[in-house]
Amino acid sequence: MRLGSGTFATCCVAIEVLGIAVFLRGFFPAPVRSSARAEHGAEPPAPEPSAGVSSNWTTLPPPLFSKVVIVLIDALRDDFVFGSKGVKFMPYTTYLVEKGASHSFVAEAKPPTVTMPRIKVDNNVTRHLDKVLKRGDWDILILHYLGLDHIGHISGPNSPLIGQKLSEMDSVLMKIHTSLQSKERETPLPNLLVLCGDHGMSETGSHGASSTEEVNTPLILISSAFERKPGDIRHPKHVQQTDVAATLAIALGLPIPKDSVGSLLFPVVEGRPMREQLRFLHLNTVQLSKLLQENVPSYEKDPGFEQFKMSERLHGNWIRLYLEEKHSEVLFNLGSKVLRQYLDALKTLSLSLSAQVAQYDIYSMMVLTLLLLSVPQALRRKAELEVPLSSPGFSLLFYLVILVLSAVHVIVCTSAESSCYFCGLSWLAAGGVMVLASALLCVTVSVLTNVLVGGNTPRKNPVHPSSRWSELDLLILLGTAGHVLSLGASSFVEEEHQTWYFLVNTLCLALSQETYRNYFLGDDGEPPCGLCVEQGHDGATAAWQDGPGCDVLERDKGHGSPSTSEVLRGREKWMVLASPWLILACCRLLRSLNQTGVQWAHRPDLGHWLTSSDHKAELSVLAALSLLIVFVLVQRGCSPVSKAALALGLLGVYCYRAAIGSVRFPWRPDSKDISKGIIEARFVYVFVLGILFTGTKDLLKSQVIAADFKLKTVGLWEIYSGLVLLAALLFRPHNLPVLAFSLLIQTLMTKFIWKPLRHDAAEITVMHYWFGQAFFYFQGNSNNIATVDISAGFVGLDTYVEIPAVLLTAFGTYAGPVLWASHLVHFLSSETRSGSALSHACFCYALICSIPVSTYIVLVTSLRYHLFIWSVFSPKLLYEGMHLLITAAVCVFFTAMDQTRLTQS
C-alpha cells in the first residue's frame, strides 16, 4: 500500500500513543488492596490473643473521644505552623502547640503530591460553622479549606495574602477549640480537634513533586485527654500521612480501613491502661498482616510478619499473666516488651506495604523501528513510501505470532497468582491487542526485508543535491542523540532545560557561522549569492538571488511571483548577518526570567522581582509593551476583521489581569477593586473563538477555491493568531515577554535565516522543534509536576469544569511547542519550493518526538528500582506521554493541511 510519509507518520504516532498508554497503565503501581468485599458484611474484630486461657475481649474497643473535628487546610506547609509564619500569623495555634494539651507531628505525604482541584470562595465553609457547633447531633465534623492552596498557585508562599489566610484559619481554630472545650462538661468523654494538611507548597506556590516543602505537612491533635506537664517541650515528630486513618479509626472506636497501610500514632493512646494499649496495637497489626498476606505471595518470610507473630505470642503470655495477677513488676516489664515488639512490627509492616508495587508489564515497541526503517523513502522528494500492509495479513508469520501470543496469554492468565494488566482485559480486547502486535511485527519484518533487498538501489531525487553532510546536519544529529542519552541520568532529567538552552545557543552559533560563510566566502573573493528582497503576501522577505554555484528558490508560478526585487544593501544585509546574534541575546534574556529545574530553582530571578508587590508598576509596563509587540508581529498576516479582533482581545487580556490585581491601569494606580475577572476573560474567549472560526472558514474555502493559495495561507495564520491570543490570556503577566520574544524570533528566523540559507523541510522542522522545547522551559516549566500552572485552567471560570480546565491547563503548559508547530505548518504551506515539504516535516516531527519517548521507556523500565524513580523519572514519563499526545494532534494537523494541498493540485 502506497502512503504519503506524513500520513504514515501520523498513523505511527497514533499507535505510539496507544502503546505508551498501555505502558503507563502497567508501569505505575496500583495501591495495595484488600480482597474482602463490603457486601459480605463487616468482619468481626480479631479476638485478644490468649495462651491457654480464654479472653472475653472479642469486640472493638469503645471510642476514646466524644466528638472529633478535622480541619483540613489545603497546601498547609509545616513551617506555616511550626515556623516564623506560625508565630506571627497563628498565635493561638502556636500556643496550643507549645503549651496546650496537644500532640504535634510533621506528617510526610507520598509523592506525587497531587490532589483534584476544586473552587470553593472559604467563607462557604465558615459561615455554617457557628450553627453546626451549637448542634449536638453529630460525632465527626470535617472542614476543608482551599483558599491557601489557591493563593499559593496564584502568587506563591511569600505573598502577603498568605499571612491573611493563616490568621483567618487561626481564628477558625480558636472558635472550634473553645466551643469543644465548653461542651466537654456535658459529655463523658473528651473531644478531639485535628489540624492537618493534604500536602505542602513549593517555593513557586505549586505542588506535585517530592521536595521537603511539598511533602511535609503539620498534624496537630488537640484534646484535654492529652496530659502535659508544666515546662514540657515537645518537638514535632516525623510520621507518615497514612497513619492518620488508623489513628482516627481507633479514636472513634471504628474498624481500621482494610486498605490502610498506616500505623497507630502511639502518643494518642499512651495515657490509656496497658491492656487497652496492647489491644489497639494488636488490632492494627492484624489488619496490616492481613493486607500483607493478600498482596505479597511470600508474606511468611517478611520481617514484619515474623515480628507480628512473635508479638502475638508474647501478648498471649501477658494476657495469661494479667488474668492471674493484675499488679506485679513482672507484668509491667513484660507488657513494656510486648509494646515495643508491636511498635516495631507496625513500623516494618507499614514499610513493607508502602514499598509494594504492581508488576511491570514490559512490551517491546516496534513503531519506532518502522519510522527509522522508512527514513530513506520518506525523505525522498516524492514523499511517498510503500508500506506492505497486505502481505503480512496473509503471511504464515502473522498467524504463527498470533498463535504463540494467544498460547502465552492463556497460560499466564490461567495459572499465575499475580496476573498482568492484560489478564484484566476482556478476551476480545486482549485478542485485538495481540492482532495489532502481530501485524506490527510482520510489517516491520517486511519493511526490513525490503530495505535490505533494495539497499543497493541508488536513491532518486534526494533532498540534498550534495551527499556531504553540513555542519548543521551534524549538529542536529549529535544534539538529538545527546539529548536522548542524557535522559538516563536523574540530574540531566531534573535540569533538562539546560540541555535545550545549550542546543538552541549552539544552533544560533552554527547559523551565524553558516551565514558568514555563505555571504563572505565565494569564488574570486565575491559572495557566492546575492541577497534580494521579495515582496510577498506577508511583506518583504529575504531570499538568495541567483549567483555562481547557487540554486534558486523554486517558485510555483501559478501562485504568483514577486512584484519587486532589489539586492539587499545596507541595513537589510546587516540584519541577515546579525539575526543569529539577536536570537542568541533574546534567549539569554529569557533564561533570566524564570529559574527552573531543581538546583537553582530557589534562586531569585527576574520573574520573582516582577511579581513582587513593590514592582507592580514595572510589571504593568512590561506586560503592556509585550502585548503591543505581540499585536505588531501577529497582525501582519491577518485579515482586517481578525486584526480588529486581535487588538480588542489583547486589550481584554490586560483588562483581565488588571481586574484580578496583577497589573494596574495608568489612570488608577492605587485601585483596590480586585475581582475574579470572569467577564473580561470571557470577553477575550469570544475573540479567540472568532479568530479561530475565521481561520477555519478560510481553510475550508481554500479546499473549494483551488486557485486561491493566499486564502489558505491567511487561514493558517489566523488559526495561529487565535492560539497566540489564547496563550496571552493564559500566561502570567511576567511571562508575556516569553510570548513576545517567541514571535520575534520566529519573525527573524523566517525573514533572515530559513529563506536566505535555503534550509530544507527536515532542518526547518528540527529547528522549530528545538525552539519549541526551549520555550517550554522559558515559561518556567520543568519535569517537576509542581511547575504545572493549574491556574490557567480556571481563567474565566467561576467553578470547576473538568474538560475546559484540562484543555486550558494543557495548552497553557505546552503553549511553546504548540505555537512553534503551528508556525511551522504556516511557514511550509506558504513555501512552494517543494510540494512534499509538509509530508517531510510531519515525518521528521513524528520521528524526532518518537525517539526520546521510545528510548525513555526503555530507560525507565531498566531504572524502575532506582532511588529517584518516583520523584524524578516517573514525572518525566508523564510529561513525555502528554507530549506524545500533543505530537499526535500536531501530526494530524500536518496531514490535514497536506491533504488540502493534494486536493488543490
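Residues numbered from 1 in each chain as written. Predicted model: local features only at pLDDT ≥ 70, side-chain atom pairs only at ≥ 80, totals over all residues. Heavy atoms only, no water.

Caption draft 1: Molecular detail of the state of the cysteines. Tallying each qualifying case throughout the model produces zero disulfides. Of all cysteine sulfurs, the one in Cys 587 lies closest to Cys 508, which takes part in no disulfide; the gap is 5.1 Å. By relative accessible area, which is 2% here, Cys 508 ends up buried. (Disulfide = S-S within 2.5 Å. Buried < 20%, exposed > 50% of the residue type's maximum accessible area, 1.4 Å probe, protein only.)

Caption draft 2: How the structure looks around the environment of Tyr 656. Structurally, Tyr 656 can be placed in helix α25 (residues 640–659). Overall, the relative accessible area of 6% leaves Tyr 656 in the buried class. Sequence-distant contacts of Tyr 656, defined by excluding residues within four places in its chain, comprise Lys 676, Gly 677, Glu 680, Ala 681, Leu 729 and Val 795. (Helix = DSSP H or I, 4+ residues; strand = E, 2+ residues; numbered from the N terminus. Contact = heavy atoms within 4.5 Å.)

Caption draft 3: Region of the structure containing the pattern of salt bridges. In total, this model carries 13 salt bridges according to the counting rule given. Taking the shortest distance from any N to any O, the salt bridge between Glu 168 and Lys 165 comes out at 3.0 Å. One end of the pair, Glu 168, and the other, Lys 165, are both in helix α8 (residues 160–182), three residues apart, so they sit about a helical turn from each other. Across the salt bridge formed by Asp 789 and Arg 732, the nearest N and O atoms sit 2.8 Å from each other. (Salt bridge = Lys/Arg side-chain N within 4 Å of Asp/Glu carboxyl O.)

Caption draft 4: Quick look at the packing of helix α27 (residues 709–730) against helix α28 (residues 736–754). It is at 9 Å that the axes of α27 and α28 come closest, and there the two elements cross at 155 degrees. Classified by the angle their axes make, α27 and α28 are roughly antiparallel. For the pair α27 and α28, contact is made by Tyr 720, Val 724, Ala 727 and Ala 728 and by Leu 736, Leu 739, Leu 743 and Gln 746, respectively. A per-class count over the contact of α27 with α28 returns seven nonpolar, one polar and no charged. (Axes fitted to C-alpha atoms, helices over the stretch in contact; angles between N-to-C directions. Parallel < 35°, antiparallel > 145°, perpendicular 65-115°, else oblique. Nonpolar A, V, L, I, M, F, W, Y, C, P; charged D, E, K, R; others polar.)

Caption draft 5: Inspection of helix α26 (residues 678–704) at higher detail. End to end, α26 covers 39 Å across 27 residues, agreeing with the expected 39 Å (1.5 Å per residue, within 8%). Of the residues making up α26, those classed as buried are Ile 678, Ala 681, Val 684, Tyr 685, Phe 687, Val 688, Ile 691, Thr 694, Gly 695, Asp 698, Leu 699 and Ser 702. (Expected span 1.5 Å × (residues − 1).)

Caption draft 6: View of the packing of aromatic side chains. Per the counting criterion, the structure on display carries 19 aromatic pairs. Geometrically, the ring pair formed by Phe 65 and Phe 226 is edge-to-face, given 6.1 Å between the ring centres and 80 degrees between the ring planes. A residue pair is termed long-range when its members are at least 10 positions apart, and Phe 65 in the loop between α1 (5–27) and β2 (68–73) and Phe 226 in the loop between β6 (216–222) and β7 (237–240) qualify at 161 residues. For the pair Phe 65 and Phe 226, a shared accessibility class is recorded, and that class is buried. Taken together, a centroid distance of 4.9 Å and an interplanar angle of 90 degrees make the contact between Phe 776 and Tyr 777 edge-to-face. An identical accessibility class is assigned to Phe 776 and Tyr 777; each is buried. The ring of Trp 138 has Lys 67 lying over it, and the distance from NZ or CZ to the ring centre is 4.7 Å. (Phe/Tyr/Trp six-rings, centres within 6.5 Å; stacked < 30°, edge-to-face > 60°. Lys NZ or Arg CZ within 6 Å of the ring centre and 35° of its normal.)

These values are about where atoms sit, not about what they do.
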